[in-house]
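# Overview (structure and organization)
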Amino acid sequence: MAEKPPVTFETSKLILTAARRTHAASLFKEYTGREDAARYLQRSAHPSQIRTETVIDAWGQANWHTSNRFVWSILRRPEEKPIGLFLMFIEGSSAEIHYGIGPDYWGQGLATEAGLAVMNWVTERSEISEVSTSCATEHAASLRVLEKIGLQRTRLLSGELPLGSAGTTVDAWLYSWKRS
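Right, let's walk through the structure included here. (Residues numbered from 1 in each chain as written. Predicted model: local features only at pLDDT ≥ 70, side-chain atom pairs only at ≥ 80, totals over all residues. Heavy atoms only, no water.)

This part takes up the packing of helix α1 (residues 24–32) against helix α2 (residues 49–59). Helix-helix packing is described using two parameters, namely the angle between the two axes and the distance between the axes. At a minimum axis distance of 9 Å, the contact between α1 and α2 shows a crossing angle of 110 degrees. On the basis of the axis angle, α1 is roughly perpendicular to α2. The interaxial crossing formed by α1 with α2 has right-handed handedness. Contacts from Ala24, Ala25, Leu27, Phe28 and Thr32 in α1 reach Gln49, Thr52, Glu53 and Ile56 in α2. (Axes fitted to C-alpha atoms, helices over the stretch in contact; angles between N-to-C directions. Helix = DSSP H or I, 4+ residues; strand = E, 2+ residues; numbered from the N terminus. Parallel < 35°, antiparallel > 145°, perpendicular 65-115°, else oblique. Left-handed = near helix turned anticlockwise from the far one by under 90°. Contact = heavy atoms within 4.5 Å.)

So this is what it looks like as structure tokens:
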């Protein structure tokens with residue numbers, strides 16, 4: 001991997017910054033510890049703040065320069081309150097993304113704003129040639145976010161997305177962006 005992604009992105013409503021342990025309490029309360037936020041995720045709600053801290057320790061600020069997995073805390077302006085996470089896993093010239101924000105912040109365009117910040121870096125400053133993710137076919141809001149940030153629906157993954165909280169697998173759409 002040639003270049004690490006920026007530690008911080010700033011938008012009009014958000015700051016995305018490399019996750020730190022000091023974000024864990026708010027992230028657990030607003031997002032990672034909530035079953036309703038985990039409904040369409042491959043993971044269940046974190047059972048404790050310690051689990052959120054473990055993710056932050058592995059992929060956040062502490063390991064930014066030694067890892068190919070990155071997690072930004074999504075902080076809502078102006079109070080700079082952590083309300084969600086944006087993840088990027090880079091392998092060679094490809095990246096996989098995942099994101100989520102707490103239910104109290106849904107429907108405000110914040111996931112789109114976070115995704116656009118990251119995708120602008122990908123398209124304008126990185127050497128990444130492909131970005132992909134999968135999304136449950138029933139998760140209409142997230143499907144719209146992916147399209148707004150520039151990914152295209154490429155194929156149906158029939159019964160291939162495991163949902164951690166439900167303990168089942170569901171249909172998902174594979175989304176991708178490719179450098180032309």
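Moving on, we get to the layout of surface pockets. The calculated volume of the largest pocket comes to roughly 1000 Å³. Broken down by secondary-structure element, the contributors of at least two residues to the lining of the largest pocket are α2, β4 (81–91), β5 (94–101), α3 (110–125), β6 (130–136) and α4 (140–148). With 6 residues, the top contributor of residues to the lining of the largest pocket is α4. The class makeup of the residues in the lining of the largest pocket is 21 nonpolar, 12 polar and 7 charged. (1 Å grid on protein atoms, 1.4 Å probe; cavity = no way out; pocket = protein on both sides within 12 Å on 5 of 7 lines; lining within 4 Å. Points joined across faces, edges and corners; volume = space filled by probe spheres on them. Nonpolar A, V, L, I, M, F, W, Y, C, P; charged D, E, K, R; others polar.)

Overall, mixed pairing links the 8 strands, which are arranged β1-β2-β3-β4-β5-β6-β8-β7 in an open sheet. Pairing within the sheet leaves two strands with one partner each, and these edge strands are β1 (8–10) and β7 (152–163). Across the sheet, the axes of successive neighbouring strands diverge by a mean angle of 25 degrees, strand direction being ignored. Note that β1 and strand β2 (residues 14–18) share 3 bridges and pair antiparallel. Within β2, the residue paired with Phe9 across the bridge is Leu16. Helix-sheet contacts for α2 involve β3 (69–76) and β4, and the interaxial angle to β3 is about 120 degrees. Packed onto the sheet, α3 meets β1, β2, β3, β4, β5, β6 and β8 (168–178) and runs at close to 35 degrees relative to β4. (Pairing = 2+ DSSP bridges.)

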